[in-house]
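Architecture and fold: a report
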Amino acid sequence: MSTGIKMANPGLTVFAVGGDGDGLGIGGGHLPHIARRDVDVNYLLFDNSIYGLTKGQPSPSSPLGTKTKASPQGSTEAPLNGTLMALSYGASFVARLFAGDPESITRALIEGIQHKGFSFFHLYTSCVTFDKTFKTWDHLKEWVHPIPENHDTSDLKQAMSLALDDEFCLGLLYRRDD
Ligand SMILES: Cc1ncc(C[n+]2csc(CCOP(=O)(O)OP(=O)(O)O)c2C)c(N)n1
Ligand SMILES: [Mg+2]
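Below you will find a few notes about this structure. (Residues numbered from 1 in each chain as written. Chains lettered and ligands numbered in written order. Predicted model: local features only at pLDDT ≥ 70, side-chain atom pairs only at ≥ 80, totals over all residues. Heavy atoms only, no water.)

**Some thoughts on helix H7 (residues 156-164)**
Since the α-helix turns once every 3.6 residues, residues separated by three or four places project in the same direction. Heads up, the condition is: For every residue, the accessible area obtained with a 1.4 Å probe (protein chains only) is divided by the maximum for its type, and the residue is called buried under 20%, exposed over 50%, and partly exposed between those limits. Labels follow the DSSP assignment, with helices taken as runs of H or I lasting at least four residues and strands as runs of E lasting at least two, numbered in each case from the N terminus. Here, the arc refers to the directions that run from the helix axis to the C-beta atoms. Every residue pair with non-hydrogen atoms within 4.5 Å of one another is taken to be in contact.
Residues of H7 that are buried include every one of Ala159, Leu162 and Ala163, and no others. With its buried residues spanning 100 degrees around the axis, H7 presents them on a single face. Away from its buried face by more than 90 degrees, H7 exposes Lys157 and Leu164. Those residues of H7 that are buried are in contact with helix H4 (82-89), strand S5 (93-98) and strand S8 (169-175).

Now the structure itself:
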């Protein structure tokens, strides 16, 4: 839908906002195409690794073993890596961020809005209601790290390598200005 909005109103700054269930599961077929078409839309994916609104089922980004009412023995499916997906789909701006750090989100948003092309913001966040195990605020704070200072944001392979790291590094992973 955001592609149509931008096409009909090219002067608008367009934001699409959703969760991990929306963006990687239910509506997951949209992401590759808006990315490869490089539509000038800013897409914020709030990833709490759970289907929150429907009361806490495992989502496509839930870590293996996530226990919920719908998966009392722990989930048995490997999680998707949304950042790596966006990079491999051809997104021209990919930032990974932490909802507990609003200043860096603001900086990345300003840069992404100015970027002429598809900007993907993968925001790690917690679900305080349904996730008491993996992505709690305390665990997230321990996990996340700033991106290495020597990272070259024009290097797609380096960005993919960072996206694969277990320690989640945050910041702008990739930017391509055609
Ligand atoms: C096409 C479609 N299928 C199912 C639903 C029901 N539904 C509404 S919210 C939701 C869960 C969304 O989870 P997520 O995107 O991770 O967002 P969260 O609630 O965790 O922030 C589902 C399955 C829907 N709204 N539309
Ligand atoms: Mg969710």
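**Re the side chain of Thr125**
Looking at the secondary structure, you find Thr125 in the loop between strand S6 (119-124) and helix H6 (137-143). The contact partners of Thr125, leaving out residues within four places of it in the chain, are Phe46, Asp47, Asn48, Ala99, Lys135, Trp137 and Leu140.

**A word on the sheet that holds strand S1 (residues 14-19)**
Formally: The rule for pairing is simple: two strands pair if DSSP sees at least two bridges between them. Here the axes come from fitting lines to C-alpha atoms, over the contacting stretch only for helices, and the angles between their N-to-C directions go from 0 to 180 degrees.
The strand order S1-S2-S6-S5-S8-S7 describes an open sheet built from 6 strands, whose pairing is mixed. Edge positions in the sheet fall to S1 and strand S7 (145-146), since each has one partner strand and no second. Most of the contacts of helix H5 (residues 102-114) go to S5, to which it runs at about 165 degrees, and overall it touches S1, strand S2 (41-47), S5, S6 and S8. Against the sheet, H7 makes contact with S5 and S8, and its axis sits at roughly 155 degrees relative to S8, the strand it touches most.

**Describing the pattern of salt bridges**
Threshold: Here, a salt bridge means any Lys or Arg side-chain nitrogen found within 4 Å of an Asp or Glu carboxyl oxygen.
Enumeration over the complete set of coordinates arrives at 4 salt bridges. Between Asp40 and Lys6 there is a salt bridge whose closest N-O contact spans 3.9 Å. One end of the pair, Asp40, is in the loop between helix H3 (31-37) and S2; the other, Lys6, is in helix H1 (residues 2-8), and 34 residues separate them in sequence. Like Asp40, the residue Lys6 is buried in the burial classification. Linking Asp177 and Arg175 is a salt bridge whose minimum nitrogen-to-oxygen distance equals 2.9 Å. Judged by relative accessible area, Arg175 falls into the partly exposed class, the value being 22%. Several salt bridges share partner residues, and in doing so they unite Glu111, Arg175 and Asp177 into one network.

Don't take any of this as a statement about function, it's just geometry.
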